[in-house]
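Here is how the chains run, residue by residue.
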Amino acid sequence: MTIVASLWCVGAFLGLSIVAVACARLSAASAIVYAGCLIASTVGLSAGLEHLIAASAPPQTLQLPLGLPWLGANFRVDMLSAFFLLVVNLGGAAASLFALGYGQHEQAPHRVLPFFAAFLAGMNLVVLADDAFAFLLSWEFMSLASWALVMAHDREPENLQAGYIYLLMASFGTVALLLAFGLLAGPGGSYAFADLRSHPPSDQVAAAVLALALIGTGSKAGLVPLHVWLPLAHPAAPSHVSALMSGVMTKVAVYAFVRIVFSFLGPPESWWCVPVLVAGGSSAVLGVLYALNQGDLKKLLAYSTIDNIGIIFIGLGLALAFQANDLGQAAALAMTAALLHVFNHSLFKSLLFFGAGAVLGATGERDFERLGGLIHTMPVTAFLFLVASVAICALPPLNGFVSEWLTFQAVLISPQLPQWGLRFLVPAIGALLALAAALAAACFVKAFGFAFLGRARSEAAKQARETDAFSVAGMFCLAGLCAFAGILPGFIIDRIAPVTQLLLDSRLPVQADVPWLSIIPISQSRSSYNGLLVFVFILISSLGAIEAIHRLASRRVRRAPAWDCGFPDAAPSTQYSAGSFVQPLRRVYGTLIFLARETVRMPAPGDTAPASFRVDIQDLAWRFIYTPIVSSVNIVADRLNYLQYMTIRRYLALVFSALIFLLIVLASWP
Amino acid sequence: MKHDFFFDVAHMLAGGLVLVSFLMLYQDRLYALINVFALHAFVLALSVAWQAFIQDAPHLYVTAVIALGFKAIVIPVALHRIVERLGIHREIETVVNIGVTMLGGIGLVALAMVVMLRVTPTADALAREDLAFALSVLLLGLLMMVTRRNAVSQVIGFMSLENGLILAATGAKGMPLVVEISVAFSVLIAFIVIGIFLFRIRERFDTVDLQALDSFRGDSE
C-alpha cells in the first residue's frame, strides 16, 4: 500500500526530527539523521513510483484520528500525489545523500538537523493531504520548518531580514489559500477534498478561488511579483536545504495549484488561462533577467528558479486554455510539458545548488568576482555543474530541452484555439518563453564560466579542494537522472500520462510503442524528437572533432604566456569579469526593468584617488508594490496610534458606539 | 388564559426593570442613585422569582434570593457606607445633559426591540420579549457608564448592566445554577475590587472623579 508506506515515511521523518533534537550535539548526529532521511526518502520514492507505474491503480485513502474531531486527518494517494511524492522524495533522497558529506561542515548542526527532517515530513504531508484542514496544517508546517532552516545561520543580519520577509509572505500566501478553501467549501460545506471534488463551485466563486490560488501558491512558488522573498530566503539556508527549497518546495506549491484548479474548480472557462499565462510569462523573463544581474552564485540560482516556475505556469496556463476549448489532446500535451518540467527542474536545480554548496564549502565564496579557475581544483564538481547548466539551458540531449520543447509544441497548437484574444496572447507568451530560454543560456554561461573557468580571482579559489565522496555521489545520481530523462524521455512521459488522464481525461499517445525510442507528442507528421539519436550524434561528432584536431593539427608544442594581449604581467583581476559579461544585456533591458544606473567616478588628473564604477539595480516589485504597501501601513498605524492614549470614558464610549453600530447593522440587515 | 396572565406579569416585571433603568439615568445624587439601584435589583429579584414560578424551575428561586440578598441589600448598604466614608454624599454629579441622555436611552430601547424582534422570530413569545427588555437594560447600563464621571456611579452602571444579563439568562430556559452562582460571585468580587480601588484612588488623588485620573495620565479633556 503506497499510502501506508508514505505515512510511515512521514512518521520516520518526524521521529528523526525528534532524534535530532535529542542527540544534536553528538558528532555522529548528522550522519544518523541524514542516513535516516535518505532511507525514508528512498522508501517514499519507491512507494510513489510503484503507484505511478501501476498505471491503473485506484486511489488509496486513509483516515487517521488526528486533527478536528468530526473530520479526522484524511490522506489520499492518486496519480497526481504519487507523481509529486516521487519528485519530493527524489529531491529529499538526493539532498540527504549530498548532506551526508556536506553536512559535516555545518557549524550549528543542532539548528539544521531537526528542521531538515521536519521539512521533508511537511512536504510529504502536503502532497498526501485529502482535506483542507490537513492540507493547510501541513502547508504551514512546511513553511515554518523551512523558515527555521533559513534562520539557521542567524548571526548574519541579511538572513534575519530574509527570514522576516519570508515569514510575512508565507503567512500572506496561507491566508489566500485559507480563503480559497473557505470559498470552495461554501457556507455549509465540508472541508474534505472528496466533497470539494464532487461539488464544483459556481462561476464567480470559481474565478475568486482561481485568483486566490494563484496568489497563495504563487507566493510560495515565486511568481512575479510575489517572488521578493525567494531570492533572499533560498540562498540564506545551507546549500542542501536551498536545493530542497528551490527544487522541491516550489514544486509542492505547483502541486497545490494543480490540485485546486484542475481538481476542484470543474470545467475551466476560456479566460482563466490569461492570468496564469501572463504571470508565467512575466516570471519567466523577469526571473532570468534578474538572475543574469546577480553577482552571487546562489542568488543567481534562486532567481533562475523564478524563471523555471514561470515556464511551468506557462504550461499549466496552456493546459487550461486547451481544456476550456475541449482540445483534450493539446491540454494533455501542455500538462505533460509542465509536469515534466517540474520533474526536470527539481533534478537540475538541486544539482546546481549542490554544486554551489560544494564551491561554497571549498572556498567560502559565493561572489563571482572572487571565484574562477575551479575547473582545475574541483574537476568533478565542475563537470557535474556543467551538466546541470546545460540541462537548465535547455540544450539537447539533456532533460531541460525535452520539457521546453514540449511546451513549445503546445504553444504551436494555439492557432486551433477559437478565441482571437488567445490566438494572439499565446504566441506572445511563446516569444517570451523563447527570450527566457536564450537569456537562461547567457545566465548559465556566466554562472559556469565565471565560477569554474579562467583563473582564480581570490586566494580561497586558488586553494580549493575537491568536495567529498558523498557530495559527489549525490550530484552524480542527479546528473545521471538528468541525462536519462533527456535521452529516454518517453519513459517519463508515459509515467506522467496517468496523471493527465486523471486531471484532464486525456493523455498523450503511449511513447513506449514509438519505434527507435523517439517521442511523438501529437503525430509523426508534425514533430518528433529522439534524444538517443541526438546524443549519439553529439557524441560521434565531438569525438570525431577531437580526433580530427589531434590528428590534423600541428604537433609542434608552442608555449606562450596566457592572456598576453598587451599585459605581459596580468593579475587575475584583469580578466573579463562577470559584471562586464552581462553589461550589454543590462544596457538593453536594465534601464527600464531594473531602473539600472551606472555611475563612473573618474578622479581628475593628478588626483590619486582610485576611479570607481558602480551599478545600482532595483527590483521593480519592491519599488512599485511593496514599498507603497509598507509606507501606507505605517501611515495607518500612525493614525491608529491615537487609540492607544484615550481616556477611560472614551474607551467605554468607543466600545459602546461599536456595539450600537453593530446592532443597527443587524437591525437594518435585509 | 392562564398563560396570558403569566405572560403579562412577566412582561410587566421586565418592563418595570427598564423603567427603573430610566429612573437611574437621571439621578444626579449618589444616595438617590444607590437607592434606585436597590429598587432595580429588587425588581430583578421579583422578575426572576416569577420566572421560577412559571417555568417551574426551583433553582431560579436561588438566583432570585441571590439577587435580592447581594444586589438589593448587601451592595447598596456597602455603597452607602463607601460614599459616607469617602465623604462625597453631598456631591452633585456632573452628568451629560439629562434630556439628551433620556432621549438616547429611548432610542436604545427602540433599537433593542427592533433587533431582538427581528432576529428571534421563531422563539417563544415570552423569551423574545424578555430578551428585548434585557438587551434594553444592558444598553442603558452601558449608557450610564459612558455618561457618568464618578467612579461610584460607574460601578452602579456596571451592576445594572449585569442585572440585564441575569434577566436575559433567566428568560431563556435551562441556564444552570452553577453559572448563576459563579456570575453572582464574580460580580461580588468585582465590586470588592472596585471598592478597594475607589479608596486607593481617593487616597492618591483626593477625589473619585475619573477626570482626575485622566489628568494624572497627562491628557485631560
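All values derive from a computational prediction rather than experimental measurement. (Residues numbered from 1 in each chain as written. Chains lettered and ligands numbered in written order. Predicted model: local features only at pLDDT ≥ 70, side-chain atom pairs only at ≥ 80, totals over all residues. Heavy atoms only, no water.)

1. Some remarks on helix α10 (residues 239-264) of chain A
All names here are of chain A. For α10, spanning 26 residues, the distance from its first C-alpha to its last is 36 Å, which sits close to the expected 38 Å at 1.5 Å a residue. Counting buried residues along α10, 26 of its 26 residues qualify, which places the element largely inside the surrounding structure. Positive phi shows up at Gly266, right after α10, with a value of about 75°. (Helix = DSSP H or I, 4+ residues; strand = E, 2+ residues; numbered from the N terminus. Expected span 1.5 Å × (residues − 1). Buried < 20%, exposed > 50% of the residue type's maximum accessible area, 1.4 Å probe, protein only.)

2. Re the side chain of Asn308 of chain A
Residue and element names in this part refer to chain A. Residue position: Asn308 is located in helix α12 (residues 297-324). Judged by relative accessible area, which is 1%, Asn308 ranks as buried. If we skip the residues at most four places from it in the chain, Asn308 touches His341, His345, Phe348, Lys349 and Ile392. (Contact = heavy atoms within 4.5 Å.)

3. Thoughts on the domain arrangement of chain A
When the domains of chain A are assigned, the result is domain 1 (1-191) and domain 2 (622-668). Distance between the C-alpha centres of domain 1 of chain A and domain 2 of chain A: 39 Å. (Domains from an automatic or database assignment.)

4. As for the packing of helix α3 (residues 79-102) of chain A against α10 of chain A
Residues and elements named next belong to chain A. Contact geometry of α3 with α10 gives a least axis separation of 9 Å together with a crossing angle of 175°. Compared by their axis directions, α3 and α10 come out roughly antiparallel. Residues Leu80, Ser81, Phe84, Val87, Val88, Gly91, Gly92, Ala95, Phe98, Ala99 and Tyr102 of α3 touch α10, and the partners they reach there are Ser239, His240, Leu244, Val248, Lys251, Val252, Val254, Tyr255, Val258 and Arg259. When grouped by side-chain class, the residues that make up the contact of α3 with α10 number 14 nonpolar, 5 polar and 2 charged. (Axes fitted to C-alpha atoms, helices over the stretch in contact; angles between N-to-C directions. Parallel < 35°, antiparallel > 145°, perpendicular 65-115°, else oblique. Nonpolar A, V, L, I, M, F, W, Y, C, P; charged D, E, K, R; others polar.)

5. Brief notes about a nonpolar patch on the surface
Residues and elements named next belong to chain A. Side chains of Leu517, Leu532, Val536, Leu539, Ile540, Leu543 and Ile546 sit close together on the surface and give an oily, nonpolar patch of about 610 Å² of accessible area. Relative to the helices and strands, Leu539 is located in helix α21 (residues 531-552). We classify Leu539 as partly exposed; its relative accessible area is 42%. (Patch = residues over 30% accessible without salt bridge, like charges linked within 9 Å, V, L, I, M, F, W, Y side chains within 5 Å. Areas by Shrake-Rupley, 256 points an atom, 1.4 Å probe, with all protein chains shown as cover. Salt bridge = Lys/Arg side-chain N within 4 Å of Asp/Glu carboxyl O.)

6. A closer look at the environment of Asn124 of chain A
All names here are of chain A. By secondary structure assignment, the location of Asn124 is in helix α4 (residues 113-128). As for Asn124 and Asn89, which are separated by 35 residues in sequence, their C-alpha atoms are 7.8 Å apart. With residues up to four places along the chain from it excluded, the contact list for Asn124 reads Val10, Phe13, Leu85, Val88 and Asn89.

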